[in-house]
Amino acid sequence: MAAPPAATAPLRRTPLFEAARSAGGRMVPFAGWEMAVQFAGLLQEHKAVREHCGLFDISHMGVLRLSGPGAKDALQGLVPTDLFRIGPGEACYTVLLNEQGGIRDDLIVYDRGWDDVAQAHELLLVINAACAEADTAWIRSQLEPAGIQVSDHKGDGVLVALQGPDAAAQLESLSGLSLAGLPRFGHRSLALPGIGEAFVARTGYTGEDGFELLLDRPAGLSFWDQCLSRGIAPCGLGARDTLRLEAAMHLYGSDMDASTTPLEVGLGWLVHLEMPKPFVGREVLEQQTSDGVKRRLVGLQLQGRAIPRHGSSVLAAGAAAGSSPIGSITSGGWSPSLEAGIALALVPASAARLGSELAVEIRGKAEPAQVVRRPFYRS
């Protein structure tokens, strides 16, 4: 007798699920969650963020709190970026590495400073939804023996992203405060009248100015409603992906994973080998820096209306469809802003020079492509 099929875990829902569905969100499975892929339409939402402002529910992402006298020193051993370049009220983008220098996940580290009451340094980490469980277990295994407390900081709270050139004006109107002094990757607590307290960071995943806010459940629901009542467009995962691709921002599991190092995928700027401190994977990155990498992540722009997709084969210039590929597309799609097909691709280092002519196999045809500068789009 055949074994019964394994039970599938039910999809989780964010606190904004019903509000998103009521706003016309088309819900789809994503990283174990049921999330809105679009509302009015991907192109409309993309344009709203590029020209005005859009609001995203990103409550599926994980938020961890690290607390302890040596919290920053302890975390430093897990990332290649010098965390002591940031201070209280500042943040940085970095990656968690394995012993082979591969990327476990990418994350943002927020320095909350020293807590006199707890006599501890506090950091917040925002991690990817698909990696949250594994990240949390691994970070705990590494840091708790050193006396660092690792806890879930989000609970049933709401995490949203307000993105676009009008985002600052909208948030200033909601708060009654100027945000001119809050720099990129800066963060602070903000009292929103009639809504509640919010942790606000000038970060995002769209290539535009914007903010990510962490609120408790009632405040998050109120913030969502107030934003929509102001005419701010609710935006789904579809627009988030086209926006981040135009900005050449990496997607974990596609453009990087446990088998790729930061040096291979264009994140060498996160690796501070001049820092005289050990970290997981350091020896591999030192060797790659000395020897050079054999493959690189590049940006490709295609001619005509051809649209590259994840997994498409990258061919040498002049090669016919069906030829042995030299690389593959890690992320690809149509750029609404450029009106062209764009992609990130992992190719041999010898083919990664700007201006190199390559091809992408799409529906049995070798479509011409050129290695171009990233990001594809600048605000």
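Residues numbered from 1 in each chain as written. Predicted model: local features only at pLDDT ≥ 70, side-chain atom pairs only at ≥ 80, totals over all residues. Heavy atoms only, no water.

Caption draft 1: Focus on the overall build of the chain. When helices and strands are tallied, the chain shows 8 helices and 19 strands. Here the C-alpha atoms of the chain give a radius of gyration of 21 Å, agreeing with the 21 Å that 2.2 N^0.38 yields for 379 residues. Along the three orthogonal principal directions, the C-alpha set of the chain runs to about 65 × 65 × 50 Å. Relative to its 379 residues, the chain shows a buried fraction of 54%. Of all intrachain contacts in the chain linking residues separated by at least 6 positions in sequence, the fraction that spans at least 24 positions is 64%. Entry remark: accessible area of the chain is about 16,600 Å², with carbon and sulfur atoms responsible for 52%. (Helix = DSSP H or I, 4+ residues; strand = E, 2+ residues; numbered from the N terminus. Rg over C-alpha atoms; globule rule 2.2 N^0.38 Å. Buried < 20%, exposed > 50% of the residue type's maximum accessible area, 1.4 Å probe, protein only. Contact = heavy atoms within 4.5 Å. Areas by Shrake-Rupley, 256 points an atom, 1.4 Å probe, with all protein chains shown as cover.)

Caption draft 2: Broad picture of helix 4 (residues 132–143). With 12 residues, helix 4 should reach 16 Å at 1.5 Å per residue; the first-to-last C-alpha distance of 16 Å fits that figure. Lining the buried residues of helix 4 we find strand 4 (62–68), helix 3 (71–76), strand 5 (91–97), strand 6 (103–115), strand 7 (120–127) and strand 8 (149–152). (Expected span 1.5 Å × (residues − 1).)

Caption draft 3: The sheet that holds strand 18 (residues 357–362), seen in detail. Strands sit in the order 14-17-16-15-18-19 around a closed barrel of 6 strands; the barrel is antiparallel. With strand direction ignored, the average angle separating the axes of adjacent strands in the sheet is 45°. Sheet topology places strand 15 (residues 313–316) next to strand 18; 3 bridges connect them, and they run antiparallel. Following the sheet pairing, Leu315 is matched in strand 18 by Ala359. (Pairing = 2+ DSSP bridges. Axes fitted to C-alpha atoms, helices over the stretch in contact; angles between N-to-C directions.)

Caption draft 4: Representation of unusual backbone geometry in the model. With an omega of 0°, the peptide bond between Arg374 and Pro375 qualifies as cis. Considering the arrangement of structural elements, one finds Pro375 in the segment after strand 19 (365–372). The phi dihedral of Ala31 falls on the positive side, at around 50°, and the residue is not glycine. Note on placement: Ala31 falls in the loop between strand 1 (26–30) and strand 2 (33–38). With a phi close to 70°, Phe185 is a non-glycine residue in the positive phi region. Structurally, the position occupied by Phe185 is in the loop between helix 5 (167–175) and strand 10 (187–192).

Caption draft 5: Representation of the nonpolar core in the model. With 42 residues, the main nonpolar core has Phe56, Ile103, Tyr110, Leu267 and Phe376 as its most contacted residues. For this core, the element with the highest residue contribution is strand 5, accounting for 4 residues. Grouped together as the second largest cluster of nonpolar side chains are 31 residues, Phe17, Ala19, Ala167 and Leu174 included. (Core = buried A, V, L, I, M, F, W, Y, C linked by side-chain atoms within 4.5 Å.)

Caption draft 6: Region of interest: the packing of helix 2 (residues 42–51) against helix 7 (residues 237–246). At a closest axis distance of 8 Å, the pairing of helix 2 and helix 7 adopts a crossing angle of 50°. For the element pair helix 2 / helix 7, the angle class is oblique. In this structure, the crossing between helix 2 and helix 7 has a hand that is right-handed. Counted together, Leu42, Glu45, His46, Val49 and Arg50 of helix 2 and Gly238, Ala239, Thr242, Leu243 and Glu246 of helix 7 form the full contact between these two elements. Class assignment of the residues belonging to the contact of helix 2 with helix 7 gives a composition of 4 nonpolar, 3 polar and 3 charged. (Parallel < 35°, antiparallel > 145°, perpendicular 65-115°, else oblique. Left-handed = near helix turned anticlockwise from the far one by under 90°. Nonpolar A, V, L, I, M, F, W, Y, C, P; charged D, E, K, R; others polar.)

Caption draft 7: Up close: the pairing of strand 10. With 6 bridges connecting them, strand 10 and strand 11 (residues 196–201) associate as antiparallel partners. In the strand pairing of strand 11, Arg188 is matched with Val200. Hairpin connection between strand 10 and strand 11: a loop of 3 residues separates the two successive antiparallel strands, and Gly194 in this loop has a positive phi of roughly 80°.

Caption draft 8: Spatial organisation of the packing of aromatic side chains. Under the counting rule described, the total for this entry stands at 3 aromatic pairs. Considering the side-chain rings of Phe39 and Trp224, the 6.3 Å spacing of their centres and the 45° angle between planes classify their relative orientation as tilted. Placement of the pair is Phe39 in the loop between strand 2 and helix 2 and Trp224 in helix 6 (residues 217–229), with a sequence separation of 185 residues. Judged by relative accessible area, Trp224 falls into the buried class, the value being 1%. Stacked on the ring of Phe84, the Lys or Arg Lys72 has its end atom at 5.2 Å from the ring centre. In this arrangement the basic side chain of Arg104 is found over the ring face of Trp138, its NZ or CZ atom lying 3.8 Å from the centre. (Phe/Tyr/Trp six-rings, centres within 6.5 Å; stacked < 30°, edge-to-face > 60°. Lys NZ or Arg CZ within 6 Å of the ring centre and 35° of its normal.)

Caption draft 9: Layout of the pattern of salt bridges. A full pass over the atoms with the stated rule returns 15 salt bridges. Notably, a salt bridge pairs Arg21 with Glu18, separated by 3.0 Å at the nearest N-O pair. Placement of the pair is Arg21 and Glu18 together in helix 1 (residues 17–22), with a separation of 3 residues, close to one helical turn. Classification of Arg21 by relative accessible area gives partly exposed; the value is 40%. Salt-bridge contacts for Arg85 lead to Asp82; the nearest nitrogen and oxygen are separated by 3.9 Å. Residues joined in a network through salt bridges with shared partners are Arg50, Glu208 and Glu246. (Salt bridge = Lys/Arg side-chain N within 4 Å of Asp/Glu carboxyl O.)

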